[in-house]
2 protein chains.
Amino acid sequence: MIYELYYWPEIQGRGEFVRLALEAAGAQYRDVAREAKGLSAMMALMEGKSDQRPPFAPPFLKHGNLILAQTANILLYLGPRLNLAPDEEADRLWLHQLQLTIEDFVKEIHDVHHPIGSGLYYEEQQEEARRRAADFRDERLPKFLRYFDRLLESGDGGGFLTGQSLTYVDLSLFQIMAGLRYAFPKAIKRTAVDVDALVALHDLVAAQPPVSAYLQSPRRLPFNEAGIFRFYPELDS
Amino acid sequence: MIYELYYWPEIQGRGEFVRLALEAAGAQYRDVAREAKGLSAMMALMEGKSDQRPPFAPPFLKHGNLILAQTANILLYLGPRLNLAPDEEADRLWLHQLQLTIEDFVKEIHDVHHPIGSGLYYEEQQEEARRRAADFRDERLPKFLRYFDRLLESGDGGGFLTGQSLTYVDLSLFQIMAGLRYAFPKAIKRTAVDVDALVALHDLVAAQPPVSAYLQSPRRLPFNEAGIFRFYPELDS
């Protein structure tokens, strides 16, 4: 049964964490909102009847009759089906816990450029964003990166976070590092010296043949200033 | 096997969503950080060796050898064990999806008083908080509440979100309503006329005997200005 991903068509955003999993596994999927009339199909599902279990926001995944929202929840479902998660319940919960911590980080990264309101333009909250960015660069960015780096350092040397096998958390950490390098090139250069294992993980994931093929394909949207990771030089200095 | 909850001892915070589940189910549990020397036990676990799978932040739950963090992840684990979640995979994922949407809401509620940095005092970001609070009251608060109200309205009339049976999502929505009434009494009074079903759910949950007993016990900490739901009159006007 083919997977159907629904997400805003012009940004990587949160949908990219799902896309990376589908691509890395070589899964058959449709990126519905990027097809003709796909965006209105997505909106119709969101505004649909409540007995269809409407999502609060994209991304969501349709698989047969099932409609699932919340990035980490989608990955929890896809993980075992795409061989991107371990078998044991305790190991799966640990992986999910890490993904939820990544979600918290993603939310904080987004809120650097939107500290006052997600419905307002960046330009309407630029002053507050500068202040939040300073706190983010000094406190939050290193704290999150060092946490994941420490987990990698203490691993069994397989290179991936849980050992020898690629999981959706490795893919998400790749995306985090790629996005941070785009949005905060200076800050990440300063921090990256302390997080060698995370940098190595980024490179290892990017070198996986299906990931590498995806990154060079037109299916990989470029980073831009409408997504989560935005390059505003004034927030990086 | 007894459950051991680890969370900051002086606030309800995110730990309260777990506490409510344990209490509603009449589960045997320890609230470790509120016991003598419990806080240092909590810190030791967080700073522990990485091969013990250290949490990024509280709350976390210890159950036998398992240590689980992230509120929604803990509830995903506890749900079936405490009879607070349905049996089918699709239904459990739907419940988890709703809990993750509640988590997003909780994060936004917190950030109203901390829009610039979680490590700074409220007084250091009070001006930005006023601006964020206006956006929250006008846009985000009604959007989230109406989403859940609409789900309740379209339910089968059992009163709880998924029908006849209490789940951890009902408990979390109770806590959201109770907290919002404490933190934003004026704003919630204005909004509440539109969310009757949510108000009714709050009352139904509060009337469940184990919940009602818990709320009157000293185990229920009062809301205060160190938690997620803080009453700052200047943010509610």
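You'll find the structure just up there.
Thresholds applied
- Residues numbered from 1 in each chain as written.
- Chains lettered and ligands numbered in written order.
- Predicted model: local features only at pLDDT ≥ 70, side-chain atom pairs only at ≥ 80, totals over all residues.
- Heavy atoms only, no water.
- Helix = DSSP H or I, 4+ residues; strand = E, 2+ residues; numbered from the N terminus.
- Rg over C-alpha atoms; globule rule 2.2 N^0.38 Å.
- Buried < 20%, exposed > 50% of the residue type's maximum accessible area, 1.4 Å probe, protein only.
- Contact = heavy atoms within 4.5 Å.
- Areas by Shrake-Rupley, 256 points an atom, 1.4 Å probe, with all protein chains shown as cover.
- Lys, Arg positive; Asp, Glu negative; His and termini not counted.
- Charge placed at Lys NZ, Arg CZ, Asp CG, Glu CD.
- Pairing = 2+ DSSP bridges.
- Axes fitted to C-alpha atoms, helices over the stretch in contact; angles between N-to-C directions.

When helices and strands are counted, chain A shows nine helices and four strands. Ordered by position from N to C terminus, the α and β elements of chain A give β-α-β-α-β-β-α-α-α-α-α-α-α. Relative to the 2.2 N^0.38 estimate, which gives 18 Å for 237 residues, the radius of gyration of chain A is 18 Å and therefore close to what a compact globule would have. Seen through its C-alpha atoms, chain A measures out along the principal axes to roughly 45 × 45 × 35 Å. Buried residues in chain A amount to 60% of all 237 residues. Considering only contacts within chain A whose residues lie at least 6 apart along the sequence, 70% involve residues at least 24 apart. Carbon and sulfur atoms make up 49% of the accessible area of chain A, which totals about 9,700 Å². Treating the 26 positive side-chain charges of chain A as one cloud and the 33 negative ones as another, the clouds have centres 3 Å apart.

Here the focus is the sheet that holds strand β4 (residues 66–69) of chain B. All names here are of chain B. In spatial order, the strands read β2-β1-β3-β4; together these four strands make up an open sheet with mixed pairing. Strands at the two margins of the open sheet, each flanked by one partner only, are β2 (29–31) and β4. Adjacent strand axes in the sheet meet at a mean angle of 20° when their direction is disregarded. Looking at chain direction, strand β1 (residues 3–6) and strand β3 (residues 60–63) are connected through three bridges and run antiparallel. Looking across to β3, one finds that L5 is bridged to L61. Lying on the sheet, helix α2 (residues 38–46) is in contact with β1, β3 and β4; it crosses β3 at an angle near 90°.

In short, shape yes, function no, at least from these values alone.
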